[in-house]
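# Structure assessment
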Amino acid sequence: MHAARHPQPARNLRFRAALLGMALLCTTAFAQHAPSLVKVAGVQADGSVTTSVATIPYSAYASPQARAFFPQMIAAGSKAPPLSAPIAQNRGFYDRLNSDRAKRMGKLYPVTTHRETIAGVGTDVVLPAQGIAAKNRRRVLINLHGGAFLWGAHSGALVESIPIASLGRIKVVSVDYRQGPEHVFPAASEDVEAVYRALLKRYPAKNIGIYGCSAGGVLTGEAVAWIISKKLPVPGAIGTFCGSISELAGDSTYLAPVLNGDPSPAGPHKLVDLPYFKGASASDPLVFPANSPALLEKFPPTLLITGTRDFTMSSVLHSQALLTAAGADAELHVWDGMWHSFFSDPEMPESREAYAVMVSFFDRKLGR
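Keep in mind that what you see is a predicted model, and the values were worked out from it rather than measured.

Moving on to the pattern of salt bridges. Counting across every chain of the model gives 14 salt bridges. In this structure, the salt-bridge partner of Arg 368 is Asp 329, at a minimum N-O distance of 3.7 Å. Residue Arg 368 is found in the segment after α10 (349-365), and its partner Asp 329 is found in the loop between α9 (313-325) and β11 (330-339); the two are separated by 39 residues along the sequence.

Given below as structure tokens:
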């Protein structure tokens, strides 16, 4: 396990928007009116958080850039629309946020992009401007964007795909999967299956990787479970970042909000409460593969990434433990001081470290 540095929070309703931008931060919105266990007075310019119990300094292991960015990010988060706002308003907010991120990323990591329909499903295809490396001509990555299963298509997909395609010199296909509230589980898994089946005609399964952040990390686990249930060959490797195969629970669901300047909730916020999972069961292994050790035995090598200020950290740690216990190859990296989906902002050293870990993992695991 690797410690590193970086800040981005998972927050209550008002905060989730700017922080996640592409992730399932909205899960923290469910308890916006619930009683809190710890009151928070605010976040100071040096990144410290003042609470009713104590003042918590920002991580000494984080980079100066992360420390400077942390309070700015929290201030920006207050502009997010509430979860109760029309879905178009939320999607518009996140699209503007992610479009700005993607533009900044494009200057640092040159790529070309185009939209393509694969097996009836819309995708964004991202290619390295310097060309695909010779060793990757028979490899491909599938990205599943974050966004609480509500938003994140296109601009959010580019945020997750641009640095990996450019640094890895590999083709990335980001799936515009069906989301809530218009669609419900297993619509997204079906869309990933369709794209995966089509890519299997051009690439060996062992040369296909799947990854995603937040909701995309959860969907990556669900998609693998779905692929196994359809008796298809599993992909060569996967990445579940800031969200994985377990429901939200554990210490981070209480502590991360406080570390990110929000009150501690009275109870954890559940992924199955998202509109996309309406009617789904939390005990279904196709929703949470953690429910089935036999299923996890069949999982491919899995990279898990989180930060100590990520509200999903405990579930990510639990996911890694379950995969390891089942005999799967599960590699975990944790950055100290980092929040949910921290690498969505490309300028920080911690983001660059995370991209390097992702690129190295798929380079080592694909084609084994």
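Still to come is the rest of the account.
Here we come to the sheet that holds strand β10 (residues 302-309). Backbone-to-backbone hydrogen bonds join strands into a sheet, with any given pair of strands oriented parallel or antiparallel. Taken in spatial order, the eight strands of this open sheet run β4-β5-β7-β6-β8-β9-β10-β11, and their pairing is mixed. Strand pairing shows two members of the sheet lacking a second neighbour, β4 (111-118) and β11, which therefore form its edges. Taken over all neighbouring pairs, the strand axes of this sheet differ in orientation by 20° on average, direction set aside. Here helix α4 (residues 155-168) sits on the sheet in contact with β4, β5 (121-128), β6 (140-144), β7 (172-175) and β8 (208-213), set at roughly 35° to β5.

With 62 residues, the main nonpolar core has Ile 142, Leu 144, Phe 149, Tyr 177, Tyr 196, Phe 299 and Leu 323 as its most contacted residues. The element best represented in this core is helix α6 (residues 215-229), accounting for eight residues. Dropping the residues within four chain positions of it, Phe 299 is found in contact with Gly 221, Val 224, Ala 225, Ile 228, Ile 238, Ile 245, Pro 289, Leu 323 and Ala 328. Of all hydrophobic cores here, the second largest spans 41 residues; its members include Cys 213, Trp 339, Phe 343 and Phe 361.

Turning our eyes to something else, we now look at the state of the cysteines. By the definition in use, this model includes zero disulfides. In this model Cys 213 remains outside any disulfide bridge; the closest cysteine sulfur is found in Cys 242, 4.3 Å from its own.

Another aspect to go through is the packing of aromatic side chains. Taken as a whole and judged by the stated rule, the model has 18 aromatic pairs. Between Phe 185 and Tyr 276, the ring centres sit 6.3 Å apart and the planes meet at 85°, which makes this aromatic pair edge-to-face. Note that Phe 185 is positioned in the loop between β7 and α5 (187-200) and Tyr 276 in the loop between α7 (252-259) and α8 (293-296), a separation of 91 residues in sequence. Judged by relative accessible area, Tyr 276 falls into the buried class, the value being 0%. Among the aromatic residues, those joined into a ring-pair cluster are Tyr 211, Phe 241, Trp 335, Phe 342, Phe 343, Phe 361 and Phe 362. In this arrangement the basic side chain of Arg 309 is found over the ring face of Phe 70, its NZ or CZ atom lying 5.2 Å from the centre.

Take the confidence of the model for the chain next. For the chain, per-residue confidence averages 89 on the pLDDT scale, and residues scoring 70 or more make up 90% of the total. Confidence drops under a pLDDT of 50 for residues 1-34, and excluding neighbours within four residues, the segment shows 197 contacts in the predicted structure.

Relative to the assigned elements, Gln 130 resides in the loop between β5 and β6. For Gln 130, a relative accessible area of 39% translates into the label partly exposed. In this view, Gln 130 contacts Pro 110, Ser 166 and Arg 169; residues no more than four positions away in its chain are not counted.

Sheet analysis places β4 next to β5, joined by eight bridges and oriented antiparallel. Residue pairing for β5: Thr 112 is matched across the bridge by Leu 127. With antiparallel pairing between neighbouring strands as the criterion, β4 and β5 make up a hairpin whose turn holds two residues, including Ala 119 at a positive phi of roughly 55°.

What follows concerns unusual backbone geometry. For the bond from Gly 180 to Pro 181, the omega torsion is 0°, close enough to zero to count as cis. One can find Pro 181 in the loop between β7 and α5. In this model, Phe 185 is joined to Pro 186 through a cis peptide bond whose omega is 10°. Structurally, the position occupied by Pro 186 is in the loop between β7 and α5. Of note, Phe 149 is a non-glycine position whose phi angle comes to about 60°, a positive value. Positive phi, close to 55°, is recorded for Cys 242, a residue that is not glycine. Within the secondary structure, Cys 242 is located in the loop between β9 (237-241) and α7.

The rules we used
- Residues numbered from 1 in each chain as written.
- Predicted model: local features only at pLDDT ≥ 70, side-chain atom pairs only at ≥ 80, totals over all residues.
- Heavy atoms only, no water.
- Salt bridge = Lys/Arg side-chain N within 4 Å of Asp/Glu carboxyl O.
- Helix = DSSP H or I, 4+ residues; strand = E, 2+ residues; numbered from the N terminus.
- Pairing = 2+ DSSP bridges.
- Axes fitted to C-alpha atoms, helices over the stretch in contact; angles between N-to-C directions.
- Contact = heavy atoms within 4.5 Å.
- Core = buried A, V, L, I, M, F, W, Y, C linked by side-chain atoms within 4.5 Å.
- Buried < 20%, exposed > 50% of the residue type's maximum accessible area, 1.4 Å probe, protein only.
- Disulfide = S-S within 2.5 Å.
- Phe/Tyr/Trp six-rings, centres within 6.5 Å; stacked < 30°, edge-to-face > 60°.
- Lys NZ or Arg CZ within 6 Å of the ring centre and 35° of its normal.
- pLDDT = per-residue confidence, 0-100.

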